[in-house]
Amino acid sequence: MSTGRPNVHMVDTTLRDGAQAPGVVFRPLEKIEIASGLAACGIDEIEAGIPAMGDLACRELRALARLDLPCLLSCWCRAVKGEVALAAGCNVPGVHISFPVSPILLGTFGKTREWVLDTLAQLVEYAGRYFDRVSVGAQDATRAETVFLHRFARTAQDFGVHRLRLADTVGLASPSMVMGMITDLRAAAPGLDLEFHAHNDLGMATANAVSAAQAGAAALSVTVNGIGERAGNAPLEETATALFGTGTFQGNIRLAGLNRLCNTVARFSNRPLPPDKPIVGTQVFSHESGVHCAGMMRDPRSYQLFDPALVGAPPSAFVAGSHSGSAGLVRVFRALGISIDRATARTLVPMVRKQALAQSGPLDSGQLKQIYRMVS
């Protein structure tokens, strides 16, 4: 039954764009575990690799295809017929073909607009013989000339591509810019599904991805933990929670699996998650401030957007530190199996704060028990 909320197709490119992050190497079995974890979280599509990287990449793609995961598996190619031909032997049902569209990239690669449009027509027809789904990419779309970008989109639509990816290749876009671009392209090529691929160079990848969906993009390209070239990509966990956790959009992502998936990718990529990483950081559901803890005890919604269980995280925790109040300490000591009343907690507050200031950090369980014994 329709909810009336727009649906967003989520394309994860951790195994392609994420794997291009400097120093990141996913082993074959790790790729299988990541792909399986993505499928378990309900991802719609996995962009699993680049056949042109060589025989090992092709063998890995075929191994992923043999898993028969309940999502679309695709691979990424440059606008080169030989690369598309190589991809055809990888047994994946989808292919993405990327074209330079900005004056900067056209100049960099020695291509013309006419070459782009002619090659687009040839490769889409050719790829259609071997793949169930053919998407094309406007690389550096946010620096392309509007007239040419619209012409590219209409040409892609005319030749029957399933979706057009608009890449903010150097991460220069803002939410208002993305919304304007998506809105204009939907008017220029109304029958064409659009996908937005954000980079995080200015720290706006999640905001830009969400803005693209708000403007009517049918699909978003993301990576787990936002890993990728330079400052990375729009993080799956942030984007999906912003879209689906708030109830604004509908999709197939099962948010409760995100915590496990993100920690798996963090381990395999050798990129530990910062404690304050949105959605999956170890401290994002921890509270120390006396005012906040008191409010949380009355109503968790007062200082927390959603229940940690929504994204598979442990329950909220209170921390004993330099900003603690009596209400928070009652909860902290209860978690240690020690029952204290508010009067005792008020006696302990200055002692806890003094110790936290002295060590520039929160108190652990041993320190708390020691302070309790001093007054008990």
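Summarised in this report is the structure supplied together with it. All figures in this text were calculated on a predicted structure; none of them were measured in a lab. (Residues numbered from 1 in each chain as written. Predicted model: local features only at pLDDT ≥ 70, side-chain atom pairs only at ≥ 80, totals over all residues. Heavy atoms only, no water.)

### Focus: the overall build of the protein
Phase 1 of the analysis: Looking only at helices and strands, one finds 14 helices and 10 strands in the protein.
Phase 2 of the analysis: Considering only C-alpha atoms, the protein reaches an extent of 80 × 45 × 40 Å along its principal axes.
Phase 3 of the analysis: Expressed as a percentage of its 376 residues, the buried residues of the protein come to 52%.
Phase 4 of the analysis: Restricting the contact set of the protein to residue pairs at least 6 apart, pairs at least 24 apart contribute 71%.
Phase 5 of the analysis: Here the protein has roughly 16,800 Å² of accessible surface; of this, 53% comes from carbon and sulfur atoms. (Helix = DSSP H or I, 4+ residues; strand = E, 2+ residues; numbered from the N terminus. Buried < 20%, exposed > 50% of the residue type's maximum accessible area, 1.4 Å probe, protein only. Contact = heavy atoms within 4.5 Å. Areas by Shrake-Rupley, 256 points an atom, 1.4 Å probe, with all protein chains shown as cover.)

### Topic: the packing of helix 7 (residues 175–188) against helix 8 (residues 205–214)
Phase 1 of the analysis: Running from amino to carboxyl end, helix 7 crosses helix 8 at an angle of 30°, the nearest separation of the two axes being 8 Å. Between helix 7 and helix 8, the angle falls in the class roughly parallel. Taken as a pair, helix 7 and helix 8 cross one another with a handedness that is right-handed. Where helix 7 abuts helix 8, its residues P175, V178, M179 and I182 lie against A207, N208, S211, A212 and Q214.
Phase 2 of the analysis: By residue class, the composition of the contact of helix 7 with helix 8 is 6 nonpolar, 3 polar and no charged. (Axes fitted to C-alpha atoms, helices over the stretch in contact; angles between N-to-C directions. Parallel < 35°, antiparallel > 145°, perpendicular 65-115°, else oblique. Left-handed = near helix turned anticlockwise from the far one by under 90°. Nonpolar A, V, L, I, M, F, W, Y, C, P; charged D, E, K, R; others polar.)

### Looking at the packing of helix 9 (residues 236–245) against helix 10 (residues 258–269)
Phase 1 of the analysis: At their nearest, the axes of helix 9 and helix 10 sit 10 Å apart, and the two run at 165° to each other. Taken as axis vectors, helix 9 and helix 10 run roughly antiparallel relative to one another. For the pair helix 9 and helix 10, the sense of crossing is right-handed. Residues L236, E237 and T241 of helix 9 lie in contact with helix 10, whose contacting residues are L258, L261 and C262.
Phase 2 of the analysis: Of the residues in the contact of helix 9 with helix 10, the class split is 4 nonpolar, 1 polar and 1 charged.

### Notes on the packing of aromatic side chains
Phase 1 of the analysis: The final tally for this structure, using the stated rule, is 4 aromatic pairs.
Phase 2 of the analysis: An angle of 70° between the planes, with centres 5.7 Å apart, marks the rings of F285 and F306 as edge-to-face. A residue pair is termed long-range when its members are at least 10 positions apart, and F285 in the loop between helix 10 and strand 9 (286–287) and F306 in the loop between helix 11 (290–298) and strand 10 (317–318) qualify at 21 residues.
Phase 3 of the analysis: For F285, a relative accessible area of 9% corresponds to the buried category. (Phe/Tyr/Trp six-rings, centres within 6.5 Å; stacked < 30°, edge-to-face > 60°.)

### A closer look at the sheet that holds strand 4 (residues 94–100)
Phase 1 of the analysis: The 8 strands are arranged 1-2-3-4-5-6-7-8 in a closed barrel whose pairing can be described as parallel. When the angles between neighbouring strand axes are averaged without regard to direction, this sheet yields 25°.
Phase 2 of the analysis: Inspection of the sheet shows strand 5 (residues 133–139) paired to strand 6 (residues 163–167) by 4 bridges, in the parallel sense. Within strand 6, the residue paired with A138 across the bridge is L166.
Phase 3 of the analysis: The sheet strands contacting helix 7 are strand 6 and strand 7 (194–197), and the helix crosses strand 7 at an angle near 160°. (Pairing = 2+ DSSP bridges.)

### Some remarks on unusual backbone geometry
Phase 1 of the analysis: Phi at D140 is positive, roughly 65°, even though this residue is not glycine.
Phase 2 of the analysis: With respect to the helices, strands and loops of the structure, D140 is situated in the loop between strand 5 and helix 6 (146–158).
Phase 3 of the analysis: Despite not being glycine, S360 has its phi angle at roughly 55°, a positive value.
Phase 4 of the analysis: With respect to the element layout, S360 can be found in the loop between helix 13 (342–359) and helix 14 (365–375).

### As for the pattern of salt bridges
Side chains that differ in sign of charge can pair as their charged atoms come close.
Phase 1 of the analysis: Scanning the entire structure with this criterion turns up 17 salt bridges.
Phase 2 of the analysis: A salt bridge links R78 to E83; its shortest N-O distance comes to 2.4 Å.
Phase 3 of the analysis: Under the relative-accessibility criterion, R78 is labelled partly exposed at 48%.
Phase 4 of the analysis: By relative accessible area, which is 7% here, E83 ends up buried. (Salt bridge = Lys/Arg side-chain N within 4 Å of Asp/Glu carboxyl O.)

### Here's the deal with the pairing of strand 5
Phase 1 of the analysis: Of all 7 residues making up strand 5, 5 are buried, and the element is well covered by its neighbours.
Phase 2 of the analysis: Looking at chain direction, strand 4 and strand 5 are connected through 7 bridges and run parallel. The residue of strand 5 that forms the bridge with H96 is S135.
Phase 3 of the analysis: You can see the chain leave strand 5, run along helix 6 and come back into strand 6, and the turn it takes is right-handed. (Right-handed = clockwise from strand over helix to strand, strands pointing away.)

### Things to note about the nonpolar core
Phase 1 of the analysis: Among the nonpolar cores identified, the biggest contains 95 residues, and M10, I46, F152, L166 and L236 are the most heavily contacted of them.
Phase 2 of the analysis: Tallying contributions element by element places helix 5 (residues 113–127) first for this core, with 7 residues.
Phase 3 of the analysis: Listed in part, the 18 residues of the second largest apolar core include I338, A345, A356 and L363. (Core = buried A, V, L, I, M, F, W, Y, C linked by side-chain atoms within 4.5 Å.)

### Digging into a nonpolar patch on the surface
Phase 1 of the analysis: On the surface, a nonpolar cluster with roughly 300 Å² of combined accessible area is contributed by V170, L172, M177 and L202.
Phase 2 of the analysis: With respect to the helices and strands, the residue L202 is situated in the loop between strand 7 and helix 8. (Patch = residues over 30% accessible without salt bridge, like charges linked within 9 Å, V, L, I, M, F, W, Y side chains within 5 Å.)

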